[in-house]
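What the coordinates show
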Amino acid sequence: MVKNVDEEKIKRVLTEPKLAAVKSMLEKDHAIDCLLLLHVGRGKWKDAKDFMRENNLTLSDGTFRARMIEIESLGLAKSERIDPLKKYYVKTELGEKVAKLLLGFFDELDVKS
């Protein structure tokens, strides 16, 4: 019985348009990084870049912008104009929920290892 329930859940993730779009976005390079950066209020490129450098990590501006545009299109963030060329991104309620779920997932992995 559990197998059928799990199969149905998997089928929904793979076929329901909104869930499939989120799954697809999460599979992309630095998508989780960007969601977590939003979670800690680093939705501006300079702030994100500084955070990543402080932690000896890399993230290109093009990748950051591409992920943020996709994250925004899924309703996980919204953008605010700084000037005609620059934006910063803030998490939405849904984006906060996804970030917390991801952090919980990684906490579980850490506890079990």
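Residues numbered from 1 in each chain as written. Predicted model: local features only at pLDDT ≥ 70, side-chain atom pairs only at ≥ 80, totals over all residues. Heavy atoms only, no water.

**Focus on the nonpolar core**
Counting 20 residues, the largest nonpolar core has Met25, Leu35, Leu59, Phe64, Met68, Ile71 and Leu76 as its most contacted members. Of the residues forming this core, the biggest block, five residues, is contributed by helix α3 (residues 31-39). Ignoring any residue separated from it by four or fewer positions in sequence, one finds methionine 25 in contact with Ala31, Leu35, Glu70, Ile71, Leu74 and Leu76. (Core = buried A, V, L, I, M, F, W, Y, C linked by side-chain atoms within 4.5 Å. Buried < 20%, exposed > 50% of the residue type's maximum accessible area, 1.4 Å probe, protein only. Helix = DSSP H or I, 4+ residues; strand = E, 2+ residues; numbered from the N terminus. Contact = heavy atoms within 4.5 Å.)

**Things to note about a nonpolar patch on the surface**
Taken together, the side chains of Ile10, Val13, Leu14 and Leu19 present a nonpolar region at the surface, about 320 Å² in accessible area. Here the element with the most residues in the nonpolar patch is helix α1 (residues 2-15); it accounts for three residues. Positionally, valine 13 belongs in helix α1. By relative accessible area, valine 13 is classed as partly exposed at 35%. (Patch = residues over 30% accessible without salt bridge, like charges linked within 9 Å, V, L, I, M, F, W, Y side chains within 5 Å. Areas by Shrake-Rupley, 256 points an atom, 1.4 Å probe, with all protein chains shown as cover. Salt bridge = Lys/Arg side-chain N within 4 Å of Asp/Glu carboxyl O.)

**Let's talk about the pairing of strand β2 (residues 87-91)**
Of the strand pairs in this sheet, strand β1 (residues 77-81) and β2 are connected by five bridges, and their pairing is antiparallel. In the sheet register, alanine 77 faces β2, and the bridge partner there is lysine 91. (Pairing = 2+ DSSP bridges.)

**With respect to the pattern of salt bridges**
Summed over all chains, the structure comprises seven salt bridges. With a shortest N-O distance of 3.2 Å, glutamate 16 and arginine 12 are connected by a salt bridge. A relative accessible area of 32% means that glutamate 16 is categorised as partly exposed. One salt bridge in this structure joins arginine 67 and glutamate 70, with 3.9 Å as the shortest N-O distance. Placement of both arginine 67 and glutamate 70 in helix α5 (residues 61-73) is noted, with a separation of three residues, approximately one turn of the helix. Owing to a relative accessible area of 12%, arginine 67 belongs among the buried residues under this scheme. Connected through shared salt-bridge partners, Lys28, Arg67 and Glu70 make up one network.

**Re the packing of aromatic side chains**
This model, assessed by the stated rule, comprises two aromatic pairs. A ring pair is formed by tryptophan 45 and phenylalanine 64, whose centres lie 5.4 Å apart and whose planes are at 45°; its orientation type is tilted. Pair noted here: tryptophan 45 is in helix α4 (residues 45-54) and phenylalanine 64 is in helix α5, with a separation of 19 residues, a long-range link. The same class applies to tryptophan 45 and to phenylalanine 64, which are both buried. Ring geometry for phenylalanine 105 against phenylalanine 106: centres 5.1 Å apart, planes inclined by 70°, an arrangement best described as edge-to-face. The partly exposed category is assigned to phenylalanine 106, whose relative accessible area is 36%. (Phe/Tyr/Trp six-rings, centres within 6.5 Å; stacked < 30°, edge-to-face > 60°.)

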